[in-house]
Amino acid sequence: MSRYLDMVDGPEHVKKLTLPQLQELAAEIRQELIAGLAKSGGHLGPNLGVVELTLALHRVFNTPRDKFVWDVSHQVYVHKILTGRKNRFPAIRQTGGPNGFALRTESEHDCYGAGHAGTALSAALGMAAARDKKGTDENVVCIFGDAALTNGISYEALNNIGHTTKRFIGILNDNEWSIAKNVGAISSYLNKLITNPHYNKLSRDFQNFLRRLPKGELALKLAHKAEEGFKGAITDVGLRQTGSQVDADGRGGYGSSIIFEEMGLRYLGPINGHDLPLLISTMEFARTCDHPIVIHVLTQKGKGFEAAIKFPEKFHGTGPYDMKTGDSLPAKVGTPPMYQDVMGQTLVKLCQKNNTLVGITAAMPSGTGLKHLEKAMPDRYYDVGIAEEHAVIFAAGMATMGFHPVCAIYSSFLQRAYDCIHHDVCLQNLPVIFCMDRAGLSANDGPTHHGLFDIAYLRCLPNVIAMAPKDEDELVDMMFTATHQNHPTFIRYPRGVAEGVPIKDQPELLEIGKAEIIRNFSSNGKRKVALFGLGPLNTLARQAAEQLAAEGFDCAVINPRFTKPLDAGTHEFFGHAAEVVVTLEDHVLMGGYGSTVLELFSEKNVTTPVVRIGWPDQFIEHATTQDELRRKYGLTVENTVAKVKAQFGETVATTAKLIEVA
Ligand SMILES: Cc1ncc(C[n+]2csc(CCOP(=O)(O)OP(=O)(O)O)c2C)c(N)n1
C-alpha cells in the first residue's frame, strides 16, 4: 500500500495534504522513526514527541525563507525527513549519512547548527534582529524544550527579546523530561502553568482569530476539548511531578505570574502538542502577532512506541533495539564495563569513605554514571540541570566550605564553563575534581560532541592537575589520587567500553606528575624509538611498539599519565635516549599533549625528532564507528609505524597519504 510518506519529499508537499492525510502521514513518520532507529540507534523519544509539531511548523511556515531554530537540535529527524533527506534518513548518524543534529552545511532548511543545549533562543533572536535591520519579513521560530529553561543562556536571551524585536515566535516543547526527569524550580513552575486553569491562556484575541477561520467556532471547541482531554491524559499516566506546589502570592518565588509575560513575551497555552488542527491554528495566529510570543506546547516523549514512553531516559538517545519489545541488543559476553559505570561506582565507594566528597552532574546522570551515586547516596548527589557554568561555580562554592566536589561533565560540554574553571576554580586554586567523560570521539554524534580540546584548554591554566588513564583500573587510581589533592584536578577518559583489565581491590595513590614506564629499551643495538601513548592511545602505542620491534627497532613505551604537570624527567630522558620519539593522543594535535612535549624538548634542547599522532586542525565529522575515523585520520598502528620508518628514511607506500591528514 502506498504511503503519503512516499510522496512527501519537501515542505511544499506537506502543504498540499488535507488534515486527515497529515494525520496519516504523522503515523507513517512514527513508524519510519521506530523502524529506522531500531537498526542505527538515535534520539527516538524526542523525535516521536515532535511529529505533529514539526508537521504543523512546515504546514504553516516556509523554510528556508522562514527560519526554524531548534535547541540542541536532537529533535530534528522529522524536519530532516520533510526537507529532502528522507532517502538518506536510514543512514542517520552513520558514515556518509545525515548528521544527528541540524547542520548548516547539510541543508538550506537547517538555518542554525547545534548539539549543545541552550543556544536556540539567543541565535533566533540574533536572526530576528538581523531581519529587522534588513527590513525583510521572514518568520523566526525557535523551538526549545523545557530542559532548555534550566540553562542560563536561555534566560539571557529571554531578558532581551521584548526589547529587541516585535516579531519572534518561541515554541516551548514541554514533555517534562530532560534526558532524565527535568529538575528544579522551573520544572515545578511549568507544571503549575499546566495544571492550574488560572494560567490557561487561550486569550480572547486568539479565540477571535479562531472564530474568523472557516469553521472557526468548531475548531475552537475542538481545541478546548482536545486540551482538556490531553490534560486528563497526562495526569492519568502520571507524567507530572506533584507536591511542592505553592500558593500564588503575586510574584517571585511563590509566583502567580507568567514568567514569559513578565519578560515581555506573550504567552499562549498550554496546548496539546499532538493535536494537529490546534497546532496549525495556533501557529497561524502566532504568525500574525506583532509582539513576541511563546506557545507552550505539551508533548509526550516517545509517543507511539510503548517502550519509549515507559523508559523515556533510555529512549532519549538509544542504541539499536528490538522493534517489538524495545529491548537493547544483548552485549557480548565478556564485554568490559563502560568507563562511565566505573567512574560512577568508584565515586560511590570513595564517598562511602570520605565525607567531603559529593557528585555534581549537569543533567547527565546516566551518561556520566552519576546515577550510581544518586541511587546509593542521594544526599551526596546534585543534578543542577543543563547548567555547566552553574555546576562548576556551585562546586567552587562547596569547595570553599571544605567539600571536595566531583563535577562529572563531558569534555565537550565542559567547554561552556571555561571561564568558571579559570575564574572560580583555578584562580582560587580550589580542590574541585572534574571527571570528563567522552574525552575523545563521540563517533555517531560528530563534531558537537567530540571531546578533543580539553588538554589544550586546560594546560594553559595555572594550578591544574590533568590526567588521562590508560585503562579503567588506572581511572580508579586517578580518582582516588584526585581526592587527595588540594588543587583543581581533571581526569579525561573516553566514551564507551573500557579496556577489560581487572580493577584492584585497593586503588593506588599515584605520584603527581610521574609517568609510568611500560616497556623500556632493551639496548640491543637496534634503532631506538620511544612511544608515549596517552590515555586510551597507550594501547595503540603498545601495538605499534610490537610491530616495530618485529621489524628491527628497539622500542620503549611510556604511559605519561599526566599532561600537567608533565613528567619532565622521564620525557627528557627518553627524548635523549631515543632516535625518534612518538606521542599519541586522542586529542587535537594543536596545543595537545604532543605540543607539550615539543615545548619541553625545546626548553631542554632535546633535538630528537618527534612524530605526533592525534587529530588534525579541523572539525571531525560523524561516522558509524570510532575506528573508521581513526583509520581515516591516521590514528592507527599502520600509520604510526609508517611515520616512524619515514623518520629513518624508510618509505612505505601509504605513509605519505596518511601523514597529510594525521
Ligand atoms: C551544554 C549541553 N549539556 C548537556 C547536553 C546533553 N543533552 C542533550 S539533550 C538534553 C536534554 C534536552 O531536553 P529538552 O530540551 O527538554 O528536550 P527533549 O529531549 O526533552 O525533547 C541534554 C541534557 C547538551 N546537549 N548540551
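As the structure is a computational prediction, the values presented were derived from the model and not from experiment. (Residues numbered from 1 in each chain as written. Predicted model: local features only at pLDDT ≥ 70, side-chain atom pairs only at ≥ 80, totals over all residues. Heavy atoms only, no water.)

Enquirer: Could you clarify how one ought to interpret the overall build of the protein in this entry?
Expert: Helix and strand counts for the protein stand at 29 helices and 17 strands. Taken over C-alpha atoms, the radius of gyration comes to 27 Å for the protein, in line with the 26 Å a tight globule of 662 residues would show. When the backbone C-alpha atoms are referred to their principal axes, the protein occupies close to 95 × 55 × 55 Å. For the protein, the residues scored as buried account for 58% of the 662 residues in total. For the protein, the proportion of contacts with a sequence separation of at least 24, taken over those separated by at least 6, is 76%. Entry remark: accessible area of the protein is about 26,400 Å², with carbon and sulfur atoms responsible for 54%. Across the protein, the mean location of the 67 positive side-chain charges is 4 Å away from that of the 73 negative side-chain charges. (Helix = DSSP H or I, 4+ residues; strand = E, 2+ residues; numbered from the N terminus. Rg over C-alpha atoms; globule rule 2.2 N^0.38 Å. Buried < 20%, exposed > 50% of the residue type's maximum accessible area, 1.4 Å probe, protein only. Contact = heavy atoms within 4.5 Å. Areas by Shrake-Rupley, 256 points an atom, 1.4 Å probe, with all protein chains shown as cover. Lys, Arg positive; Asp, Glu negative; His and termini not counted. Charge placed at Lys NZ, Arg CZ, Asp CG, Glu CD.)

Enquirer: Help me understand the pattern of salt bridges, please; the structure alone is not making it clear to me.
Expert: Two side chains bearing opposite charge may form a pair once their charged atoms approach each other closely. As enumerated under the stated definition, the model contains 26 salt bridges in all. Taking the shortest distance from any N to any O, the salt bridge between Arg438 and Asp437 comes out at 3.1 Å. Asp437 shares its class with Arg438; the two are buried. Here Glu516 makes a salt bridge to Lys470, at a shortest N to O gap of 3.1 Å. Of this pair, Glu516 sits in strand E12 (residues 516-519) while Lys470 sits in the loop between strand E10 (465-467) and helix H23 (472-482), placing them 46 residues apart in sequence. With relative accessibility at 22%, the residue Glu516 sits in the partly exposed group. Residue classification places Lys470 among the buried residues on the basis of a relative accessible area of 12%. When salt bridges with common partners are traced through the structure, they connect Lys470, Asp471, Glu474, Glu516 and Arg561 into a single cluster. (Salt bridge = Lys/Arg side-chain N within 4 Å of Asp/Glu carboxyl O.)

Enquirer: Explain helix H24 (residues 537-550) here, please?
Expert: Along an α-helix, residues three or four positions apart point the same way, because every turn accommodates 3.6 residues. Helix length check: H24 (14 residues) gives 20 Å between terminal C-alpha atoms against 20 Å at 1.5 Å per residue, within 8%. Among the residues making up H24, those that are buried are Leu537, Asn538, Thr539, Leu540, Ala541, Ala544, Ala545 and Leu548. Where H24 is buried, its residues touch E12, strand E13 (527-533), strand E14 (553-559), strand E16 (580-588), helix H27 (626-633) and helix H28 (637-647). At the exit of H24 stands Gly552, carrying a positive phi of roughly 95 degrees. (Expected span 1.5 Å × (residues − 1).)

Enquirer: Would you mind showing me how to read the sheet that holds strand E8 (residues 404-408) here?
Expert: Neighbouring strands of a sheet are bound in pairs by backbone hydrogen bonds; such pairs are parallel or else antiparallel. Taken in spatial order, the seven strands make up an open sheet running E7-E6-E8-E9-E11-E10-E15, and their pairing is mixed. Looking at the sheet topology across the chains shown, the edges are occupied by strand E7 (381-383) and strand E15 (562-564). On average, each strand axis in the sheet is tilted by 20 degrees relative to the strand beside it, whichever way the strands run. Inspection of the sheet shows strand E6 (residues 357-361) paired to E7 by three bridges, in the parallel sense. Following the sheet pairing, Thr361 is matched in E7 by Asp383. (Pairing = 2+ DSSP bridges. Axes fitted to C-alpha atoms, helices over the stretch in contact; angles between N-to-C directions.)

Enquirer: How should I be thinking about the confidence of the model for the protein in this particular structure?
Expert: Low-confidence regions, as indicated by low pLDDT, have predicted coordinates that should not be scrutinised in detail. Predicted confidence across the protein gives a mean pLDDT of 92, with 91% of residues reaching 70 or more. Contacts of residues 225-253 to residues separated by more than four positions or lying in other chains number 49 contacts, the stretch itself having pLDDT below 50. Every residue in residues 655-662 is under pLDDT 50, and counting partners more than four places away or in other chains gives 18 contacts. (pLDDT = per-residue confidence, 0-100.)

Enquirer: Got a minute to help me understand the site of the ligand in this structure?
Expert: Taken together, 23 residues lie around the ligand, and His74, Ala117, Trp177, Lys301 and Glu388 are the ones closest in. The separation between an oxygen atom of the ligand and a polar side-chain atom of His74 is 2.7 Å. Here an oxygen atom of the ligand and a side-chain polar atom of Asp146 are 3.2 Å apart. In isolation the ligand offers 590 Å² of accessible surface; the protein chains occlude 98% of this area. A breakdown of the residues in the shell around the ligand according to their chemical character gives 11 nonpolar, eight polar and four charged. (Near = heavy atom within 4 Å. Polar contact = N/O pair within 3.5 Å; in protein donor to acceptor, adjacent residues only side chain to side chain. Nonpolar A, V, L, I, M, F, W, Y, C, P; charged D, E, K, R; others polar.)

Enquirer: How should I be thinking about H23 in this particular structure?
Expert: Most of H23 sits inside the fold, with 10 of its 11 residues counted as buried. Within H23, the full set of buried residues consists of Glu472, Asp473, Glu474, Leu475, Val476, Asp477, Met478, Met479, Thr481 and Ala482. Regarding H23, its N-cap is Asp471, as a side-chain oxygen of that residue lies 3.1 Å from the backbone nitrogen of Asp473 further along.

Enquirer: Honestly, the sheet that holds strand E3 (residues 169-174) in this entry has me stumped. Any pointers?
Expert: Within the open sheet, the five strands sit side by side as E1-E2-E3-E5-E4. Their pairing is parallel. The sheet is open, and its two borders are formed by strand E1 (67-70) and strand E4 (266-272), each paired with just one other strand. The average angle at which neighbouring strand axes cross in this sheet is 20 degrees, direction not considered. With four bridges connecting them, E1 and strand E2 (residues 140-145) associate as parallel partners. The residue of E2 that forms the bridge with Phe68 is Val141. Sheet strands in contact with helix H7 (residues 120-134) are E1 and E2, and its direction is about 175 degrees off that of E2.

Enquirer: Which parts of the structure should I look at to understand the packing of helix H3 (residues 19-40) against helix H6 (residues 77-85)?
Expert: Axis angle and axis distance: for two packed helices, these are the angle between their axes and the distance between the axes, and together they describe the pair. Closest axis-to-axis distance for the H3/H6 pair is 11 Å, and the angle between their directions is 110 degrees. If you check the angle between H3 and H6, you find them roughly perpendicular. Considering how the two elements wind past one another, H3 and H6 form a crossing that is right-handed. Across the interface between the two elements, Ile29, Glu32, Leu33 and Leu37 of H3 pack against Tyr77, Val78, Ile81 and Leu82 of H6. (Parallel < 35°, antiparallel > 145°, perpendicular 65-115°, else oblique. Left-handed = near helix turned anticlockwise from the far one by under 90°.)

Enquirer: Please clarify how the environment of Ala38 should be interpreted in this entry.
Expert: Here Ala38 shows up in helix H3. For Ala38, a relative accessible area of 10% translates into the label buried. Sequence separation of Ala38 and Lys134 is 96 residues, and the distance between their C-alpha atoms is 45 Å. Residue contacts for Ala38: discarding those within four places in its chain leaves Pro320, Tyr321 and Met323.

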